[in-house]
Amino acid sequence: MKVILPAKTRGGVQQMARGLCQIMGREISKGNFNTNIRQMTPRGTLQLPWSINSVRTMAVLPWPFSFQPRDFSLPNSSWGSDMRRLYEHYNSQCEVETDDGEKKWGVWRRLPSYNRSLKYATGGVYLSKIIQSKARLFTRNIRAQGAGFEYVVFVNKQEQKCVCVFQAGHLLEGPPGHVHGGAIATMIDTVTGTHATYLSGPVMTANLNINYRSPISLGSTVLLTCSLDKKEGRKTFVSCQVTNTDSSKLHTEATGLFLSITMGHLLGG
Ligand SMILES: CCCCC/C=C\C/C=C\C/C=C\C/C=C\CCCC(=O)SCCNC(=O)CCNC(=O)[C@H](O)C(C)(C)COP(=O)(O)OP(=O)(O)OC[C@H]1O[C@@H](n2cnc3c(N)ncnc32)[C@H](O)[C@@H]1OP(=O)(O)O
(Lines give C-alpha, C1' and ligand atoms only; values in the text may rest on other atoms or scores of the structure.)
Protein backbone atom coordinates (compact mmCIF):
# COMPACT_ATOMS: atom_id res chain seq x y z
CA MET A 1 0.00 0.00 0.00
CA LYS A 2 1.28 3.43 -0.88
CA VAL A 3 0.59 6.14 1.66
CA ILE A 4 0.83 9.71 0.42
CA LEU A 5 1.61 12.04 3.25
CA PRO A 6 0.66 15.72 3.29
CA ALA A 7 3.62 18.04 2.83
CA LYS A 8 3.51 19.13 6.49
CA THR A 9 3.69 15.53 7.71
CA ARG A 10 6.51 14.71 5.29
CA GLY A 11 8.44 17.63 6.70
CA GLY A 12 7.77 16.30 10.20
CA VAL A 13 9.07 12.85 9.32
CA GLN A 14 12.21 14.36 7.86
CA GLN A 15 12.69 16.53 10.90
CA MET A 16 12.19 13.55 13.20
CA ALA A 17 14.67 11.44 11.24
CA ARG A 18 17.15 14.32 11.32
CA GLY A 19 16.65 14.53 15.10
CA LEU A 20 17.31 10.82 15.45
CA CYS A 21 20.40 11.02 13.33
CA GLN A 22 21.61 13.97 15.37
CA ILE A 23 21.13 11.94 18.56
CA MET A 24 22.99 9.07 16.94
CA GLY A 25 25.65 11.45 15.62
CA ARG A 26 24.81 11.31 11.93
CA GLU A 27 23.78 14.05 9.56
CA ILE A 28 20.92 14.03 7.08
CA SER A 29 20.27 16.94 4.83
CA LYS A 30 16.81 17.92 3.57
CA GLY A 31 17.19 16.44 0.10
CA ASN A 32 18.81 13.07 0.82
CA PHE A 33 16.63 11.82 3.68
CA ASN A 34 15.46 8.58 2.04
CA THR A 35 18.68 7.60 0.33
CA ASN A 36 20.84 8.20 3.35
CA ILE A 37 18.72 6.11 5.70
CA ARG A 38 18.60 3.27 3.16
CA GLN A 39 22.30 3.46 2.35
CA MET A 40 23.49 3.65 5.91
CA THR A 41 21.56 0.67 7.25
CA PRO A 42 22.90 -2.13 5.00
CA ARG A 43 26.49 -0.95 5.54
CA GLY A 44 25.88 -1.41 9.24
CA THR A 45 27.16 2.04 10.10
CA LEU A 46 23.83 3.00 11.63
CA GLN A 47 21.80 0.13 13.01
CA LEU A 48 18.29 1.50 13.08
CA PRO A 49 15.99 -1.02 14.74
CA TRP A 50 12.93 0.46 13.03
CA SER A 51 12.22 0.72 9.33
CA ILE A 52 11.62 4.01 7.59
CA ASN A 53 8.13 2.73 6.71
CA SER A 54 7.23 2.37 10.37
CA VAL A 55 8.49 5.92 10.92
CA ARG A 56 6.13 7.06 8.14
CA THR A 57 3.25 5.11 9.70
CA MET A 58 3.87 6.74 13.07
CA ALA A 59 3.83 10.12 11.44
CA VAL A 60 0.21 9.79 10.30
CA LEU A 61 -0.96 9.13 13.88
CA PRO A 62 -2.07 12.09 16.04
CA TRP A 63 0.97 14.13 17.00
CA PRO A 64 0.91 15.36 20.59
CA PHE A 65 4.52 16.50 20.80
CA SER A 66 6.33 19.63 19.80
CA PHE A 67 8.78 19.39 16.90
CA GLN A 68 10.97 21.81 18.74
CA PRO A 69 11.59 20.13 22.08
CA ARG A 70 13.75 21.90 24.63
CA ASP A 71 17.39 20.88 24.40
CA PHE A 72 18.54 20.49 28.01
CA SER A 73 22.23 20.47 27.16
CA LEU A 74 22.37 24.19 26.40
CA PRO A 75 23.62 26.67 29.04
CA ASN A 76 21.09 28.03 31.52
CA SER A 77 21.28 30.53 34.39
CA SER A 78 22.01 27.80 36.98
CA TRP A 79 25.32 26.90 35.35
CA GLY A 80 28.35 27.96 37.38
CA SER A 81 31.57 29.35 35.94
CA ASP A 82 33.30 25.94 35.66
CA MET A 83 30.34 24.46 33.83
CA ARG A 84 30.22 27.39 31.39
CA ARG A 85 33.98 27.46 30.84
CA LEU A 86 34.14 23.74 30.00
CA TYR A 87 31.05 23.98 27.81
CA GLU A 88 32.74 26.78 25.85
CA HIS A 89 36.00 24.82 25.71
CA TYR A 90 34.40 21.82 23.95
CA ASN A 91 31.69 23.70 22.10
CA SER A 92 34.26 25.94 20.43
CA GLN A 93 35.84 22.78 18.97
CA CYS A 94 32.57 21.54 17.44
CA GLU A 95 32.78 23.92 14.52
CA VAL A 96 35.96 25.37 13.07
CA GLU A 97 36.59 28.07 10.52
CA THR A 98 38.97 27.33 7.63
CA ASP A 99 41.43 29.93 6.23
CA ASP A 100 38.91 30.93 3.54
CA GLY A 101 36.21 31.57 6.15
CA GLU A 102 34.28 28.35 5.55
CA LYS A 103 32.74 26.62 8.60
CA LYS A 104 33.48 22.92 9.08
CA TRP A 105 32.74 20.30 11.72
CA GLY A 106 35.47 20.09 14.35
CA VAL A 107 36.62 17.01 16.21
CA TRP A 108 33.93 17.29 18.90
CA ARG A 109 30.19 17.11 18.50
CA ARG A 110 27.69 18.24 21.16
CA LEU A 111 24.85 15.76 21.66
CA PRO A 112 21.45 17.35 22.25
CA SER A 113 19.53 16.09 25.27
CA TYR A 114 15.78 15.82 25.76
CA ASN A 115 13.51 14.63 28.53
CA ARG A 116 12.31 11.65 26.44
CA SER A 117 14.96 10.20 24.16
CA LEU A 118 12.71 7.52 22.65
CA LYS A 119 9.99 10.02 21.80
CA TYR A 120 12.32 12.07 19.68
CA ALA A 121 14.13 9.03 18.35
CA THR A 122 11.12 7.22 16.99
CA GLY A 123 8.24 9.65 16.76
CA GLY A 124 7.00 8.30 20.03
CA VAL A 125 3.22 8.13 19.71
CA TYR A 126 3.21 4.35 19.50
CA LEU A 127 5.96 3.85 22.05
CA SER A 128 4.62 6.45 24.44
CA LYS A 129 1.31 4.63 24.67
CA ILE A 130 3.14 1.46 25.60
CA ILE A 131 5.75 2.95 27.87
CA GLN A 132 3.43 5.61 29.47
CA SER A 133 2.95 9.06 28.14
CA LYS A 134 4.15 10.65 31.38
CA ALA A 135 7.47 8.84 31.41
CA ARG A 136 10.60 11.01 31.54
CA LEU A 137 14.29 10.35 31.09
CA PHE A 138 15.44 9.93 34.71
CA THR A 139 18.23 12.51 34.51
CA ARG A 140 15.91 15.14 32.97
CA ASN A 141 12.85 14.75 35.19
CA ILE A 142 13.59 17.54 37.70
CA ARG A 143 12.12 20.71 36.26
CA ALA A 144 13.92 23.32 38.38
CA GLN A 145 17.09 24.41 36.62
CA GLY A 146 20.22 23.53 38.60
CA ALA A 147 18.42 21.38 41.21
CA GLY A 148 19.31 18.01 39.73
CA PHE A 149 21.49 16.78 36.89
CA GLU A 150 22.89 19.62 34.78
CA TYR A 151 25.07 18.12 32.08
CA VAL A 152 26.21 18.26 28.50
CA VAL A 153 27.83 15.48 26.49
CA PHE A 154 30.39 15.94 23.71
CA VAL A 155 31.61 13.05 21.53
CA ASN A 156 34.83 12.70 19.59
CA LYS A 157 34.29 10.13 16.87
CA GLN A 158 37.92 10.00 15.71
CA GLU A 159 39.19 9.09 19.16
CA GLN A 160 36.05 7.11 20.07
CA LYS A 161 35.94 9.15 23.24
CA CYS A 162 33.27 11.22 24.95
CA VAL A 163 33.21 13.77 27.76
CA CYS A 164 30.38 14.96 29.93
CA VAL A 165 30.50 18.16 31.93
CA PHE A 166 28.28 17.57 34.97
CA GLN A 167 27.13 19.97 37.68
CA ALA A 168 25.45 18.20 40.62
CA GLY A 169 22.46 20.07 42.07
CA HIS A 170 21.24 20.25 45.69
CA LEU A 171 18.59 17.51 45.25
CA LEU A 172 21.35 14.95 44.62
CA GLU A 173 22.72 14.96 48.17
CA GLY A 174 23.98 11.73 49.72
CA PRO A 175 26.53 12.17 52.51
CA PRO A 176 26.02 15.71 53.91
CA GLY A 177 27.33 18.25 51.40
CA HIS A 178 28.27 15.59 48.87
CA VAL A 179 26.77 13.82 45.89
CA HIS A 180 24.85 10.55 46.38
CA GLY A 181 26.63 7.47 45.00
CA GLY A 182 23.46 6.48 43.13
CA ALA A 183 23.39 9.86 41.41
CA ILE A 184 27.02 9.39 40.36
CA ALA A 185 26.18 5.87 39.10
CA THR A 186 23.23 7.33 37.20
CA MET A 187 25.48 9.77 35.40
CA ILE A 188 28.06 7.09 34.65
CA ASP A 189 25.34 4.80 33.24
CA THR A 190 23.88 7.67 31.21
CA VAL A 191 27.16 8.83 29.71
CA THR A 192 28.69 5.40 29.07
CA GLY A 193 25.29 4.28 27.69
CA THR A 194 25.09 7.31 25.44
CA HIS A 195 28.63 6.68 24.23
CA ALA A 196 27.92 3.00 23.55
CA THR A 197 24.73 4.00 21.68
CA TYR A 198 26.72 6.49 19.62
CA LEU A 199 29.27 3.81 18.72
CA SER A 200 27.03 0.76 18.36
CA GLY A 201 23.39 1.84 17.97
CA PRO A 202 20.70 0.98 20.58
CA VAL A 203 22.13 -0.86 23.60
CA MET A 204 21.23 -1.78 27.16
CA THR A 205 23.52 -1.84 30.14
CA ALA A 206 24.35 -5.43 31.06
CA ASN A 207 27.03 -4.72 33.64
CA LEU A 208 28.42 -1.67 35.43
CA ASN A 209 31.38 -1.79 37.86
CA ILE A 210 32.03 1.35 39.91
CA ASN A 211 34.83 2.29 42.30
CA TYR A 212 34.24 5.43 44.36
CA ARG A 213 37.66 6.97 45.15
CA SER A 214 36.89 10.42 46.58
CA PRO A 215 33.61 12.24 47.35
CA ILE A 216 32.18 14.90 45.04
CA SER A 217 31.05 18.17 46.64
CA LEU A 218 27.44 19.10 46.05
CA GLY A 219 27.15 21.94 43.55
CA SER A 220 30.57 21.31 42.05
CA THR A 221 31.29 20.57 38.41
CA VAL A 222 33.08 17.39 37.37
CA LEU A 223 34.16 15.77 34.10
CA LEU A 224 33.15 12.27 33.04
CA THR A 225 35.55 10.97 30.39
CA CYS A 226 34.54 7.77 28.58
CA SER A 227 36.46 5.68 26.10
CA LEU A 228 35.80 2.56 24.09
CA ASP A 229 37.74 -0.41 25.42
CA LYS A 230 36.62 -2.94 22.80
CA LYS A 231 33.75 -4.20 20.70
CA GLU A 232 33.02 -7.92 20.39
CA GLY A 233 29.93 -8.83 18.40
CA ARG A 234 26.92 -7.42 20.28
CA LYS A 235 29.11 -6.36 23.22
CA THR A 236 30.50 -2.84 23.64
CA PHE A 237 32.91 -2.33 26.55
CA VAL A 238 33.31 1.26 27.77
CA SER A 239 35.33 2.71 30.65
CA CYS A 240 34.76 5.98 32.47
CA GLN A 241 36.65 8.26 34.85
CA VAL A 242 35.03 11.00 36.90
CA THR A 243 37.53 13.73 37.76
CA ASN A 244 37.61 17.34 38.87
CA THR A 245 37.62 19.96 36.14
CA ASP A 246 41.40 19.98 35.54
CA SER A 247 41.56 16.16 35.74
CA SER A 248 44.03 16.33 38.66
CA LYS A 249 41.76 14.48 41.09
CA LEU A 250 40.03 11.14 40.45
CA HIS A 251 36.58 10.88 42.07
CA THR A 252 35.18 7.69 40.54
CA GLU A 253 36.12 5.11 37.93
CA ALA A 254 33.94 2.57 36.19
CA THR A 255 33.68 0.01 33.43
CA GLY A 256 30.48 -0.93 31.62
CA LEU A 257 29.31 -3.68 29.29
CA PHE A 258 26.54 -2.77 26.85
CA LEU A 259 24.67 -5.25 24.68
CA SER A 260 23.17 -4.24 21.35
CA ILE A 261 19.43 -4.70 21.27
CA THR A 262 16.58 -4.31 18.82
CA MET A 263 13.46 -2.29 19.56
CA GLY A 264 11.63 -5.63 19.89
CA HIS A 265 13.69 -6.34 23.00
CA LEU A 266 12.29 -3.22 24.68
CA LEU A 267 8.70 -3.69 23.50
CA GLY A 268 8.67 -7.37 24.39
CA GLY A 269 9.64 -6.45 27.99
C1 LIG B 1 17.82 1.82 25.49
C2 LIG B 1 17.64 2.83 24.38
C3 LIG B 1 17.28 2.25 23.06
C4 LIG B 1 16.92 3.28 22.04
C5 LIG B 1 18.06 4.20 21.82
C6 LIG B 1 17.69 5.28 20.95
C7 LIG B 1 18.15 6.52 21.13
C8 LIG B 1 18.88 6.79 22.36
C9 LIG B 1 19.77 7.93 22.16
C10 LIG B 1 20.67 8.29 23.08
C11 LIG B 1 20.81 7.57 24.38
C12 LIG B 1 20.26 8.45 25.43
C13 LIG B 1 20.34 8.21 26.68
C14 LIG B 1 20.98 7.03 27.28
C15 LIG B 1 20.64 7.12 28.68
C16 LIG B 1 20.76 6.17 29.52
C17 LIG B 1 21.29 4.84 29.25
C18 LIG B 1 20.76 3.96 30.36
C19 LIG B 1 20.91 2.54 29.98
C20 LIG B 1 20.21 1.71 30.99
O21 LIG B 1 20.09 2.03 32.12
S22 LIG B 1 19.59 0.23 30.46
C23 LIG B 1 18.68 -0.33 31.91
C24 LIG B 1 19.42 -1.31 32.77
N25 LIG B 1 19.66 -2.52 32.06
C26 LIG B 1 18.75 -3.48 31.92
O27 LIG B 1 17.66 -3.39 32.39
C28 LIG B 1 19.19 -4.67 31.14
C29 LIG B 1 18.45 -5.93 31.59
N30 LIG B 1 19.02 -7.06 30.93
C31 LIG B 1 18.65 -7.44 29.69
O32 LIG B 1 17.71 -6.90 29.12
C33 LIG B 1 19.42 -8.54 29.07
O34 LIG B 1 20.04 -9.32 30.03
C35 LIG B 1 20.49 -8.04 28.06
C36 LIG B 1 19.82 -7.27 26.91
C37 LIG B 1 21.51 -7.14 28.76
C38 LIG B 1 21.20 -9.25 27.48
O39 LIG B 1 20.22 -10.22 27.13
P40 LIG B 1 20.27 -10.98 25.75
O41 LIG B 1 19.25 -12.07 25.84
O42 LIG B 1 20.14 -10.02 24.65
O43 LIG B 1 21.70 -11.55 25.69
P44 LIG B 1 22.30 -12.86 26.42
O45 LIG B 1 21.84 -13.01 27.80
O46 LIG B 1 22.07 -14.01 25.50
O47 LIG B 1 23.85 -12.52 26.46
C48 LIG B 1 24.58 -12.25 25.27
C49 LIG B 1 26.04 -12.27 25.62
O50 LIG B 1 26.31 -11.26 26.60
C51 LIG B 1 26.81 -11.83 27.82
N52 LIG B 1 26.23 -11.14 28.97
C53 LIG B 1 24.95 -10.81 29.16
N54 LIG B 1 24.79 -10.17 30.31
C55 LIG B 1 26.01 -10.10 30.87
C56 LIG B 1 26.50 -9.54 32.08
N57 LIG B 1 25.67 -8.93 32.94
N58 LIG B 1 27.80 -9.62 32.35
C59 LIG B 1 28.66 -10.23 31.47
N60 LIG B 1 28.25 -10.77 30.28
C61 LIG B 1 26.95 -10.71 30.01
C62 LIG B 1 26.37 -13.30 27.75
O63 LIG B 1 27.20 -14.12 28.53
C64 LIG B 1 26.48 -13.57 26.28
O65 LIG B 1 27.85 -13.73 25.97
P66 LIG B 1 28.36 -14.81 24.88
O67 LIG B 1 27.60 -14.53 23.61
O68 LIG B 1 29.83 -14.55 24.75
O69 LIG B 1 28.03 -16.15 25.44
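Residues numbered from 1 in each chain as written. Predicted model: local features only at pLDDT ≥ 70, side-chain atom pairs only at ≥ 80, totals over all residues.

**Focus on the environment of A206**
Okay, so step 1: Relative to the assigned elements, A206 resides in strand β6 (residues 203–212).
Okay, so step 2: Measuring from C-alpha to C-alpha, the distance between A206 and I216 comes to 26 Å, with 10 residues separating the pair along the chain.
Okay, so step 3: Sequence-distant contacts of A206, that is, excluding residues within four places in its chain, are made with L257, F258 and L259. (Helix = DSSP H or I, 4+ residues; strand = E, 2+ residues; numbered from the N terminus. Contact = placed C-beta atoms within 7 Å.)

**Re the UniProt feature "domain: Thioesterase" (unreviewed entry) in the protein**
Okay, so step 1: Summarizing the sequence annotation, UniProt attributes the feature "domain: Thioesterase" (unreviewed entry) to residues 177–247 in the numbering used throughout.
Okay, so step 2: Secondary structure across residues 177–247 divides into 28% helix and 44% strand, with the first and last C-alpha atoms of the span separated by 21 Å. (UniProt positions renumbered as here; feature names shortened; annotations may be inferred.)

**Overview of the pairing of strand β5 (residues 161–168)**
Okay, so step 1: Within β5, seven of the eight residues are buried, which leaves it mostly tucked inside the rest of the structure.
Okay, so step 2: Note that strand β4 (residues 149–156) and β5 share eight bridges and pair antiparallel. Within β5, the residue paired with F154 across the bridge is V163.
Okay, so step 3: What sits between β4 and β5 in their antiparallel hairpin is a turn of four residues, with Q160 showing a positive phi close to 50°.
Okay, so step 4: Note that β5 and strand β7 (residues 221–232) share seven bridges and pair antiparallel. Note on β7: the bridge partner recorded for C162 is C226. (Buried ≥ 20, exposed ≤ 12 C-beta atoms within 10 Å, placed from the backbone. Pairing = 2+ DSSP bridges.)

**A word on helix α4 (residues 81–91)**
Okay, so step 1: For α4, the complete set of buried residues consists of M83, L86 and Y90. Down the axis of α4, the smallest arc covering the buried residues is 75°, so these residues share one side. Exposed residues pointing more than 90 degrees away from the buried face of α4 are listed as S81 and E88.
Okay, so step 2: Residues of α4 that are buried in the fold lie against β3 (108–111), β4, β5 and β7. (Arc of directions from axis to C-beta.)

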